[in-house]
Amino acid sequence: VDPYCLNERLRERAQQYPFHPGFPTDDGARFLSLAHTQDAYELEFPVYSTRQQCRAANIKPGSGRRIYGSLFDVSDRALEVLKHLEGAVGKHPSYELKTIVVCRIDKEPIAGTAQTFLVRDAARDTEHRTTNFDYVALILRGLRGNGNVPSDYFEYVKQQAVQNNPALRERLDTEDWAKQPARE
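All of these numbers come straight from a predicted model, not from anything done at the bench. (Residues numbered from 1 in each chain as written. Predicted model: local features only at pLDDT ≥ 70, side-chain atom pairs only at ≥ 80, totals over all residues. Heavy atoms only, no water.)

Chemist: Just checking my understanding: could you explain the environment of Tyr68 for this structure?
Modeler: Counting through the fold element by element, Tyr68 comes out in strand β4 (residues 68–74). Residues Tyr68 and Thr37, spaced 31 residues apart in sequence, show a C-alpha to C-alpha distance of 6.8 Å. (Helix = DSSP H or I, 4+ residues; strand = E, 2+ residues; numbered from the N terminus.)

Chemist: Looking at this structure, I do not really get the nonpolar core. What am I missing?
Modeler: In globular proteins that are soluble, nonpolar side chains generally tend to be buried together. Judged by nonpolar contacts, the single largest core of 40 residues is most densely connected at Tyr153 and Leu172. Not counting the four nearest positions on each side in its chain, Tyr153 is found in contact with Arg65, Arg66, Ile67, Tyr68 and Leu143. (Core = buried A, V, L, I, M, F, W, Y, C linked by side-chain atoms within 4.5 Å. Buried < 20%, exposed > 50% of the residue type's maximum accessible area, 1.4 Å probe, protein only. Contact = heavy atoms within 4.5 Å.)

Chemist: Just checking my understanding: could you explain unusual backbone geometry for this structure?
Modeler: Leaving glycine out, the prevailing phi sign among residues is negative, and the prevailing peptide bond configuration is trans. We note that Gln53 has phi near 60°; this positive angle belongs to a residue other than glycine. Following the sequence through the fold, Gln53 ends up in the loop between β2 (41–49) and β3 (54–61).

Chemist: Please explain the pattern of salt bridges as it appears in this structure.
Modeler: Pairing between side chains of opposite charge can happen when the charged atoms of each approach one another. According to the stated counting rule, one finds nine salt bridges in the structure shown. One salt bridge in this structure joins Glu96 and Arg120, with 4.0 Å as the shortest N-O distance. Separated by 24 residues along the polypeptide, Glu96 in strand β5 (residues 95–105) and Arg120 in the loop between β6 (111–119) and α3 (133–145) bring together distant segments of the chain. Taking relative accessible area as the criterion, Glu96 reaches 24% and is therefore assigned partly exposed. The salt bridge involving Asp125 is made with Arg129; its shortest N-O contact spans 3.1 Å. (Salt bridge = Lys/Arg side-chain N within 4 Å of Asp/Glu carboxyl O.)

Right under this line is the structure:
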């Protein structure tokens, strides 16, 4: 995720939740490093996002490979907003906040814990809905923008998206998803 984009999303969401007076507009989330999971996970698209209008990504523990992503330092207030943004609160939350072990990828790799949102089993989409090109392109651009992601990982992300939505195969292989706007 583009750090600018995350802070913009946090600011927009903070305005929707009145329990966040004085939400920080400039330091809600600070990019730390690219990171990967220490343990093996499987990238999947199991839950429908009304905001994205497609199935959204999740990491499923137990099989697969290391999953790459951005590591942020998030303020307590920003975390509360993220819980709403990611659907981790309410009567029927889709996600739950979990602590996982990650390895930072910067000058000196460092292992430590981080919190992430994982899909609750009860929230898994049982309808035959799929992810879409724009959402997958957003993930790929975010990975590209933070550098140091192995090239085979981009192919893995595409493969997992195509597994959910075979109609994406040609577009992800031939269309230049990198030229799409980086912010959403």
